[in-house]
Each structure stands twice: as C-alpha cells, then as structure tokens.
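Observations on the three-dimensional arrangement
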Amino acid sequence: MTVPVPRGARRLLLAGVLGVLALGVTAACASGAPGDGATSGSPSAPSSGTGEEPAAPAPGEHVRGLPEGVQGTMDSPAGAAWSPTPGVLLVVTYGSSSCPLVAEPEGRWDSSGGTVVVPFEDRSDGPCTMDYTPTTSAVALPAAADSGEPVSVRLGDQGTVDVAPRAADGRTGPVAWVAPNG
C-alpha cells in the first residue's frame, strides 16, 4: 500500500537526506582519503600515559599536522627535527592540505658539502586547496647523520637548516625552521 506524501514534505525529506550526505562527504574529506597516508591532527598516536612521547611516524609515512610538542610557525615553508626514533628525521612542510609537499622516505649524504639532502616528491597532480597547513614526513637518514652532533640538512629547494641533536633519547629534537626567504 502506498501512502501519498504531500509535495512540501517530499522537498523537506529530500533536503534532509542531502544534508546528511553532505555532512558525510565533508567528514570523509577532512579525514584524508584512504591510503594517502594522511591523518588529521597530530602525527603521533595517543599518549600511553607512561610519560613517554607517543610513537612518531615511520620513514616513508606522511601525516597532517606537527610532531608531538612542536610549535608551528607561519613564517617558514619548512623545518626539520630529529624523531624520537634514532636515524629518523621529521620534516615539516607548509602548504595545501590536498597537495602537500612531502619528503621522500630516505635522505642521503652530499659528500661534497657535508650536508644531508632530503628530496621531495611531487604530489600536485590535480586541483589543490588554497589552505596553508603543516604536513610531517618521516625520513630515514644515514646512520652517521644521527651522531648526537648538529647536522646540516638541505630540504629540497626549500632551504638548508642546521638540526640540533635531541635533548634526550626517545624525545623529539628541537625544530630548525628554514629562513622565510630560503
């Protein structure tokens, strides 16, 4: 048996269904596309309550947001800090959240300049949003780079920074930000 629905009620019902669908699409877009390696908020897992810093992303992972305990800046396009994990550098870039500038999984020594080089991947294969958000990439570096001494790191064409060592094992090191003009 079919029950007739007044014309105004059909419009109201259709508007409600479309509103719920729009909310679902917005929520899905805000959390990142499945498999893109992006997560919203902090790149680290929730704290275990043990007083230890949460796990940092592994080399090759890219997450939206800043490393645990790092204060961002709007004056620099990029920066780097040691991860709590030995031999892993956290590279922060600012730009479009839909087309983030991300570091490649591994850095290399530039023997001629004594600098570690971190190349970037080109991920701008479509329209990009006009927002300005941080993305953190984890990069494996040669073992000798994480010696407890400052190391010079060239962040693609963003600029070069001198990354200070961690204050303590198992903690994120201080971030060295690229000067605004590279």
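This report concerns the structure included in the present document. (Residues numbered from 1 in each chain as written. Predicted model: local features only at pLDDT ≥ 70, side-chain atom pairs only at ≥ 80, totals over all residues. Heavy atoms only, no water.)

1. Section: the sheet that holds strand β10 (residues 159-163)
Within a sheet, adjacent strands bond to each other through the backbone by hydrogen bonds, running parallel or antiparallel. Pairing within the open sheet is mixed, and its 4 strands lie in the order β5-β6-β9-β10. Where the open sheet ends on each side, the last strands, each with one partner, are β5 (108-110) and β10. With direction set aside, neighbouring strand axes in the sheet form an average angle of 35 degrees. Looking at chain direction, strand β6 (residues 115-118) and strand β9 (residues 151-155) are connected through 3 bridges and run parallel. (Pairing = 2+ DSSP bridges. Helix = DSSP H or I, 4+ residues; strand = E, 2+ residues; numbered from the N terminus. Axes fitted to C-alpha atoms, helices over the stretch in contact; angles between N-to-C directions.)

2. Some words on the state of the cysteines
Each disulfide consists of a covalent bond between the sulfur atoms of two cysteine residues. Going through the model one piece at a time under the given rule, you end up with 1 disulfide. Bridging Cys99 to Cys128, the disulfide has an S-S length of 2.0 Å. Linking Cys99 and Cys128, the disulfide has an S-S dihedral of approximately -95 degrees and is accordingly described as left-handed. Residue Cys99 is found in the loop between β3 (88-95) and β4 (102-103), and its partner Cys128 is found in the loop between β7 (120-121) and β8 (133-140); the two are separated by 29 residues along the sequence. With a relative accessible area of 13%, Cys99 lands in the buried category. (Disulfide = S-S within 2.5 Å. Buried < 20%, exposed > 50% of the residue type's maximum accessible area, 1.4 Å probe, protein only.)

3. Some points on the pattern of salt bridges
Enumeration over the complete set of coordinates arrives at 2 salt bridges. A salt bridge links Asp110 to Arg154, with the shortest nitrogen-to-oxygen separation between them at 3.6 Å. Placement of the pair is Asp110 in strand β5 and Arg154 in strand β9, with a sequence separation of 44 residues. On the basis of relative accessibility, which here comes to 30%, the residue Arg154 falls in the partly exposed class. Close ionic contact of Arg166 with Asp146 constitutes a salt bridge, the shortest N to O distance being 2.9 Å. With a gap of 20 residues between them, Arg166 in the loop between β10 and β11 (176-177) and Asp146 in the loop between β8 and β9 connect regions that are remote in the sequence. The pair Arg166 / Asp146 is uniform in exposure class, with both members buried. (Salt bridge = Lys/Arg side-chain N within 4 Å of Asp/Glu carboxyl O.)

4. With respect to the pairing of strand β2 (residues 78-82)
For β2, the tally of buried residues reaches 5 of 5 residues, placing the bulk of the element in the interior. Covered by surrounding structure in β2 are Ala78, Ala80 and Trp82 together with Gly79 and Ala81, the residues of both alternating faces. With 5 bridges joining them, β2 and β3 adopt antiparallel strand pairing. When the sheet's bridge partners are listed, Gly79 is paired in β3 with Val92. Following β2, the chain reverses through 5 residues before pairing antiparallel with β3; Gly87 in that reversal takes a positive phi of roughly 80 degrees. As judged from the 2 bridges shared by β2 and β11, these two strands associate in the antiparallel manner. Paired with Ala80 across the bridge in β11 is Ala176.

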